Amino acid sequence: MQTVTRLFDFPYYQLENSPLEKSLVTKQNGQWVATSTEDYLSQANAISRGLLRLGVKPNEKVAIISMTNRTEWNIMDIGVLQLGAQTVPIYPTISQEDYEYVLNHSEAKYCFVSCEEVLEKVLAISSNLKNLKDVYSFDQLENCNHWSQVLEKGKDTSNQDEVDKRKEAVEPGNLATLIYTSGTTGRPKGVMLSHNNIVSNVLSSQPRVPFQTGGVAMSFLPVCHIFERMILYLYCYCGIEIHFAEGLDKISDNVKEVKPDVMTVVPRLLEKVYDAIIAKGTALTGVKKKLFFWAVELGLKYEPYGKNGWLYEKKLGIARKLIFSKWQEALGGNLSTMVSGSAALQARLARVFAAADMPVMEGYGLTETSPVISVNDERNRGWKIGSVGKIIEGVEVKIADDGEILCKGPNVMMGYYKDPEKTAEVLKNGYFHTGDIGEIDAAGFLKITDRKKEMFKTSGGKYVAPQLLENRFKQSRFIEQIMVVGEGEKMPAALIQPNFEFLHEWAKRHEITIGANSDITVNEKVISRFQEEVDMANEDFAKWEKVKQFRLTPDVWSIDDGHLTPTMKLRRKIVKEKYLDLYNSIYGY
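This one's a predicted model, so the numbers in the text were calculated from it and none came from an experiment. (Residues numbered from 1 in each chain as written. Predicted model: local features only at pLDDT ≥ 70, side-chain atom pairs only at ≥ 80, totals over all residues. Heavy atoms only, no water.)

Undergrad: Whenever I open this one, the overall build of the chain confuses me. Can you help?
TA: For the chain, the count of helices and strands is 21 helices and 27 strands. Scaling as 2.2 N^0.38, a compact globule of 589 residues should have a C-alpha radius of gyration of about 25 Å, and the chain matches this with 25 Å. Across the 589 residues that make up the chain, the buried fraction comes to 57%. Accessible area of the chain: about 25600 Å², with a carbon and sulfur share of 49%. When the 72 positive and 76 negative side-chain charges of the chain are each reduced to one mean point, those points stand 5 Å apart. (Helix = DSSP H or I, 4+ residues; strand = E, 2+ residues; numbered from the N terminus. Rg over C-alpha atoms; globule rule 2.2 N^0.38 Å. Buried < 20%, exposed > 50% of the residue type's maximum accessible area, 1.4 Å probe, protein only. Areas by Shrake-Rupley, 256 points an atom, 1.4 Å probe, with all protein chains shown as cover. Lys, Arg positive; Asp, Glu negative; His and termini not counted. Charge placed at Lys NZ, Arg CZ, Asp CG, Glu CD.)

Undergrad: How do you make sense of a negative patch on the surface when you look at a structure like this?
TA: A cluster of acidic residues, Glu116, Glu117, Glu120, Glu142, Asp555, Asp560 and Asp561, forms a negative patch at the surface. Along the chain, the position of Glu117 falls in helix α5 (residues 116–124). (Patch = residues over 30% accessible without salt bridge, like charges linked within 9 Å, V, L, I, M, F, W, Y side chains within 5 Å. Salt bridge = Lys/Arg side-chain N within 4 Å of Asp/Glu carboxyl O.)

Undergrad: What should I look at first to understand the sheet that holds strand β26 (residues 493–498) in this one?
TA: Strand order in the open sheet made by the 3 strands is β25-β26-β27, with mixed pairing throughout. In this open sheet, the two strands that pair with only one neighbour each are β25 (479–485) and β27 (549–552). Neighbour to neighbour, the strand axes of the sheet diverge by 25 degrees on average, direction disregarded. With 6 bridges joining them, β25 and β26 adopt antiparallel strand pairing. (Pairing = 2+ DSSP bridges. Axes fitted to C-alpha atoms, helices over the stretch in contact; angles between N-to-C directions.)

Undergrad: How do you make sense of the side chain of Ser370 when you look at a structure like this?
TA: Secondary-structure assignment places Ser370 in the loop between β14 (360–365) and β15 (372–375). The exposure class of Ser370 is buried, given its relative accessible area of 0%. Leaving out residues up to four positions away in the same chain, Ser370 has contacts with Leu193, Asn197, Ile198, Asn201, Ile226, Met230 and Asn411. (Contact = heavy atoms within 4.5 Å.)

Undergrad: Which parts of the structure should I look at to understand empty space enclosed by the protein?
TA: Take a probe with the size of a water molecule and roll it over the atoms, and the empty space left behind shows itself. For the structure on display, the rule yields 5 cavities of 30 Å³ or more. Taken as a whole, the second largest cavity holds about 90 Å³ of empty space. Forming the boundary of the second largest cavity are 13 residues, of which Tyr40, Asn74, Leu232, Tyr233 and Cys236 lie nearest the centre. Of all the secondary structure elements, the ones that give two or more residues to the lining of the second largest cavity are α3 (71–81) and α9 (226–238). (1 Å grid on protein atoms, 1.4 Å probe; cavity = no way out; pocket = protein on both sides within 12 Å on 5 of 7 lines; lining within 4 Å. Points joined across faces, edges and corners; volume = space filled by probe spheres on them.)

Undergrad: I would appreciate a short explanation of unusual backbone geometry in the present structure.
TA: With the exception of glycine, the majority of residues adopt a negative phi angle, and the majority of peptide bonds are in the trans configuration. Each neighbour pair has its own omega, and for Ser370 with Pro371 the value is -10 degrees, a cis peptide bond. Here Pro371 lies in the loop between β14 and β15. A positive phi angle is found at Glu511, which is not glycine, with a value near 55 degrees. Looking at the element boundaries, Glu511 is found in the loop between α17 (500–509) and α18 (517–520). Note on Glu511: relative accessible area 73%, which makes it exposed.

Undergrad: Even after reading the chapter, I still don't get the side chain of Thr87, so can you show me in this structure?
TA: Mapped onto the elements of the fold, Thr87 is located in strand β4 (residues 86–89). Here the side chain of Thr87 touches Asp77 through a polar contact of 3.3 Å, side chain to side chain. Sequence-distant contacts of Thr87, defined by excluding residues within four places in its chain, comprise Val62, Ile64, Asp77, Val80, Leu81, Ala176, Thr177, Leu178 and Arg229. (Polar contact = N/O pair within 3.5 Å; in protein donor to acceptor, adjacent residues only side chain to side chain.)

Undergrad: Honestly, the nonpolar core in this entry has me stumped. Any pointers?
TA: Most often, soluble globular proteins keep nonpolar side chains buried together rather than apart. If you look at the biggest cluster of nonpolar residues, it comprises 120 residues, and the most contacted ones within it are Leu51, Phe112 and Trp327. The element contributing the most residues to this core is α9, with 11 residues. Formed by 27 residues, the second largest nonpolar core is a distinct cluster that contains Cys111, Val135, Cys144 and Met192. (Core = buried A, V, L, I, M, F, W, Y, C linked by side-chain atoms within 4.5 Å.)

Now the structure itself:
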């Protein structure tokens, strides 16, 4: 097989070009269990044969809902796709109401779930599901069919000819998957991505990533999102072992065990890793502490390609040997590349991890663009901190008169499922309107400046880009989450969720007695300390942009409570509604 044109071609390509003993690796009962490329395909074909015997027809939908990434997910994906049917990956922690909507809207015939927690949600709404015939689970559960029953149905290979015929009939332009975007408002939209949408994106992204055949990857970002899913196909294409983390809570243990060369990350994770490292440094004493923070200060000034001169590089070499090598050990010791997406990466994180010799290559894209539009590449001077890199091959980007980024190419979605009106709103003259504001510099690097829908105008007529402010404010260790407000108001202000863990440590060090979270947010000494952080961050902005007032919220902002989307983006409308009293107190309502 010379070329890959459909998603299920990827494992066949791997088998022919770089077969692996450990193609997919998942931890089971405390042991890492590997599936070879050969077994991966053998089981995927058994799933196809089993699904055929269950009556799955071309263009029917099969939902997959998993709390963690795992080998079974990938086998199911290939098994469904090569029948000309489509997979509907669903984010596991969305509400029951959204489960019901997505399963009904997609008309899913079968649903494969990971565990008891997901199964309970599906069973709770089962009487309202119009098309669902049956549910299977990956874990052994008492009250659910096990997915091995489908494999068992596929043991008899007598209908493999039918599987092969179905495979042959799948065209690159056919629908492959429906991905329901979490959206910050309203019902989820089903993004229709074809085989060619995603395949073209994998093949165009491959020259931008320094992946080596036989390398090791750690996968933990949700595979129900297109970013991680596309990367998994890319790993498969490049002949890289994929190890699935047990979950976010186990990530630090898992990286030490697996020692990955590469992994995808989101800025939020890097912020947490950085904060944890700084906390350890703070606990040091004497010379060790001085040396630690000397290295951090040096790292925060990092510029690529030796731009800071030979003396800086000499100091950096010492810092890497004495301090940053320990950071690397904490992340397995082999990590040479991280690829970041989903939200803006703070420049300070890009600098300090690069100084630590674990560069983070930031990219940009959306579910609707399969997802990559642009990405940084450390090689050939293709990396610029503060940008999202250069546009990938085959994709065209232009900046509209109002600054909006417009995208055209084989990666742009087929449209929103059963929603021609919303499709027409974003697809105009062949261009997808991203809703992001950006600019392309003389060297061809794309920079995102804000979300078009999130920019607001104060009553004085001045435009404010909240994301720019929020990113700067989140550099403070006191601030976990922040939402800048002020649309139509006389001034920008902010609702802030403190980093409660750090705040308690700070209070202890300064012998300040603070009680519950609700007491902390009105404590005068705490508010005074936050004011210092706000004043410091405000220095970077023009007079009309500065945050003039703020209020601290007593809760931790979470996905489950509706503050954040599953990809950790702010649900601005909901956050404002939740803290309307605080908002009103800022503006004197």
